[in-house]
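Structure at a glance
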Amino acid sequence: MKTRSMCLLSALAISLVGCGSDDTGPTPQNPAAKNDEIPADITSDLELSADREWILRGIVHVRAGATLTIEPGTTIKGDKSTLGTLVVDPGAKIMAQGKADAPIVFTSRAEPGDREAGDWGGVILLGKAPINVPGGRANVEGIEATKETEYGGDAPDDDSGVLEYVRIEFGGILLSTDNEINGLTLAGVGSGTTIDHVQVRYMLDDCFEFFGGTVNAKHLVCTYNQDDGIDWDFGYTGKLQFVVVQQDPAAVDDTNAFEGDNDGMATTNTPISEPTIYNATLVGKNADVDKQQYAMLLRRSTKANLHNIVATGFEAGVDIRDPQTSVKLESSVFFGNVTHNVAYTETADGMGSEKDDDMGLDEVKWFTDQGNSEIDPKLVKPFDAEAPDFRPAATIVENAATPPDDGFFDTSASYVGAFSQDATWLEGAWLSFTPN
């Protein structure tokens, strides 16, 4: 008989592991994979090996108490016809610890060259950290609402596992009108969770969306998505560092690099959304398009603390909406935004982007008064789709902020943007910029 430890050690030989204390194969709760399909209900610990490609068919749940472990180098393909999506329920975990040269890839089941945004769903993590929805529980958009999938709670340090050196691509399938799945959804996810070196690309919806919670994340890359890069609401209070967003000029929707809300009704329900973000490089479409596109659309009573941000190529740098929205933006550079570098001038009788939506706040003055600048950051190739280089020609240290020494932030990143001149973290097989 195999013990649990022996079973896990044999993961290279067994492609799907469902081990109890005295069994030799999948447990009755976890049916064996059929044609390399991941079971729809994962109710005990499973491991996916890298020696084959796995099919994600339908809405697959990792249930409370179970852990899904994925080997470095594993590829998981989402099925379009069944809306393939991975959901890690509250109380469950995913251990997806890839490597720079052996990433874990969630991708389309279509053949290379035929892949496109919306080919499958995405990855959804649900946790037990606080959210500001009345009652403290909610169900995430895009999946069936059940008691088992209610996220939110009173555990700010909740642990949903690890996503490290992971790529998620060609997802965001349209379930119904205005109801798509994000690339990586983090709903009520706690600070015990590790999110580091994750790229989301060619998504039909947002790359990363935070529905409340306290999870922190580093080295996030969002490229050529069809909606927002980083979206937060429902009381998100986590920390982010080293963030890149590169927008797709062909995207026809209102697309913003950062879009922040407290909630959809602009209430002051607590916890109030207030992320802290250091070192981001935000790259727009570099064209004047029909729909609005801002580096930052901050509204509906959110708060935020933003430092060391570079924003270029957007319609305008920032739009702050609603009187109770309160944002700190320091040590940042806006340059080369197409219509208005910093913000539109808004008046009570203005139309569209020029209509006052913040009770008379002068965003240009707000930007300048906080010590930000409009110098050229001299990014190397920020608009290149297939071989971008987001580094500055020279590290931008003038007026840069030093990240706090709080156990999360890299305090050596005392420069503006996600990169120094010689930074190398945007390299390796974990990244891809090829169109399909």
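Above this text you will find the structure in question.
In this report, we go over the structure that sits alongside the text.

Remarks on the overall build of the chain
Secondary structure summary: the chain contains two helices and 28 strands in total. Taking 22 Å as the expected radius of gyration for a compact globule of 436 residues, we find that the chain reaches 21 Å, a close match to that expectation. With the C-alpha coordinates of the chain rotated into their principal frame, the extents come out at 75 × 45 × 45 Å. In the chain, which comprises 436 residues, the proportion classed as buried is 57%. Look at the contacts in the chain between residues 6 or more apart in sequence, and 66% of them connect residues 24 or more apart. When the accessible surface of the chain is totalled, it reaches about 16,700 Å², and 49% of it is carbon and sulfur. Taken together, the 31 basic and 70 acidic charged side chains of the chain have centroids lying 5 Å from each other.

What to know about unusual backbone geometry
For the bond running from Thr270 to Pro271, omega is -5 degrees, close enough to zero to count as cis. Counting through the fold element by element, Pro271 comes out in the loop between β20 (258-260) and β21 (276-283). Even without being glycine, Tyr202 reaches a positive phi, approximately 50 degrees. Positionally, Tyr202 belongs in the loop between β15 (194-201) and β16 (208-211). Note on Tyr202: relative accessible area 15%, which makes it buried. Despite not being glycine, Arg300 has its phi angle at roughly 50 degrees, a positive value. Tracing the backbone through its elements, the reader meets Arg300 in the loop between β22 (294-298) and β23 (303-312). Take Arg300: its relative accessible area is 28%, and that puts it in the partly exposed class.

Examining the side chain of Asn216
Inspection of the secondary structure assignment puts Asn216 in the loop between β16 and β17 (217-223). Residue classification places Asn216 among the buried positions, given a relative accessible area of 16%. Among the polar contacts listed, one links the side chain of Asn216 to the backbone nitrogen of Lys239, at a separation of 2.9 Å. With residues up to four places along the chain from it excluded, the contact list for Asn216 reads Ser191, Thr193, Ile195, Gly238, Lys239 and Phe408.

Description of the pattern of salt bridges
Counted according to the given criterion, the structure contains 21 salt bridges. Of the charged contacts in the structure, one is a salt bridge between Asp51 and Arg52, with a shortest N-O distance of 3.7 Å. For Asp51, a relative accessible area of 48% puts it in the partly exposed group. Bridged by salt links that share partners, the residues Glu37, Arg57, Asp79 and Arg109 form one connected network.

Structural notes on the packing of aromatic side chains
Considering all chains together, one arrives at 14 aromatic pairs under this definition. Measuring from ring centre to ring centre gives 6.4 Å for Phe106 and Trp120, while their planes differ by 15 degrees; the resulting arrangement is stacked. Remark: Trp120 occurs in the loop between β9 (104-108) and β10 (123-126) and Phe106 occurs in strand β9; sequence separation between them is 14 residues. Here Phe106 falls in the buried class, since its relative accessible area comes to 1%. The rings of Phe242, Phe390, Phe419 and Trp425 are connected pair by pair, giving a single aromatic cluster. The cationic tip of Lys218 hangs over the ring face of Phe408; the distance from NZ or CZ to the ring centre is 4.8 Å.

Focus on the environment of Asp79
Note that Asp79 resides in the loop between β6 (75-78) and β7 (85-88). Using a relative accessible area of 6% as the deciding quantity, one classes Asp79 as buried. Each C-alpha atom of the pair Asp79 and Asp119 lies 7.3 Å from the other, and the pair is 40 residues apart in sequence. Those residues within four positions of Asp79 in sequence are excluded, and the remaining contacts are Leu56, Arg57, Gly84, Arg109, Asp119 and Trp120.

Here's the deal with the pairing of β7
Neither face of β7 is left uncovered, since the one carrying Thr85 and Val87 and the one carrying Leu86 and Val88 both have all their residues buried. Both β7 and β10 contribute to a ladder of three bridges, which runs parallel. Note on β10: the bridge partner recorded for Leu86 is Val123.

Some remarks on the sheet that holds β20
Overall, parallel pairing links the ten strands, which are arranged β1-β4-β7-β10-β14-β16-β18-β20-β22-β24 in an open sheet. Each end of this open sheet is capped by a strand with a single partner; those strands are β1 (41-42) and β24 (316-320). For strand β4 (residues 59-62) and β7, the ladder comprises four bridges, and the chain directions are parallel. Across the sheet, His61 pairs through a bridge with Val87, a residue of β7.

What to know about the environment of Ala50
One can find Ala50 in the loop between β2 (46-48) and β3 (53-56). Residue classification places Ala50 among the partly exposed residues on the basis of a relative accessible area of 33%. Along the sequence, Ala50 and Val243 sit 193 residues apart, while their C-alpha atoms lie 28 Å from each other. Dropping the residues within four chain positions of it, Ala50 is found in contact with Glu71, Pro72, Gly73 and Thr74.

Things to note about the environment of Leu306
Counting through the fold element by element, Leu306 comes out in strand β23. With relative accessibility at 0%, the residue Leu306 sits in the buried group. In the structure, Leu306 is positioned 32 residues away from Glu274 in sequence and 9.9 Å away in space, judged by C-alpha atoms. If sequence neighbours within four positions are ignored, Leu306 has contacts with Phe258, Ile277, Met296, Leu298, Val327, Lys328, Leu329 and Glu330.

Focus on the side chain of Ser273
In this structure, Ser273 sits in the loop between β20 and β21. One polar contact links the side chain of Ser273 to the main-chain carbonyl oxygen of Asp261, over a distance of 2.8 Å. Those residues in contact with Ser273 that sit more than four places away from it in its chain are Trp232, Asp233, Phe234, Gly235, Tyr236, Asp261, Asn262, Thr302 and Lys303.

Cut-offs applied
- Residues numbered from 1 in each chain as written.
- Predicted model: local features only at pLDDT ≥ 70, side-chain atom pairs only at ≥ 80, totals over all residues.
- Heavy atoms only, no water.
- Helix = DSSP H or I, 4+ residues; strand = E, 2+ residues; numbered from the N terminus.
- Rg over C-alpha atoms; globule rule 2.2 N^0.38 Å.
- Buried < 20%, exposed > 50% of the residue type's maximum accessible area, 1.4 Å probe, protein only.
- Contact = heavy atoms within 4.5 Å.
- Areas by Shrake-Rupley, 256 points an atom, 1.4 Å probe, with all protein chains shown as cover.
- Lys, Arg positive; Asp, Glu negative; His and termini not counted.
- Charge placed at Lys NZ, Arg CZ, Asp CG, Glu CD.
- Polar contact = N/O pair within 3.5 Å; in protein donor to acceptor, adjacent residues only side chain to side chain.
- Salt bridge = Lys/Arg side-chain N within 4 Å of Asp/Glu carboxyl O.
- Phe/Tyr/Trp six-rings, centres within 6.5 Å; stacked < 30°, edge-to-face > 60°.
- Lys NZ or Arg CZ within 6 Å of the ring centre and 35° of its normal.
- Pairing = 2+ DSSP bridges.

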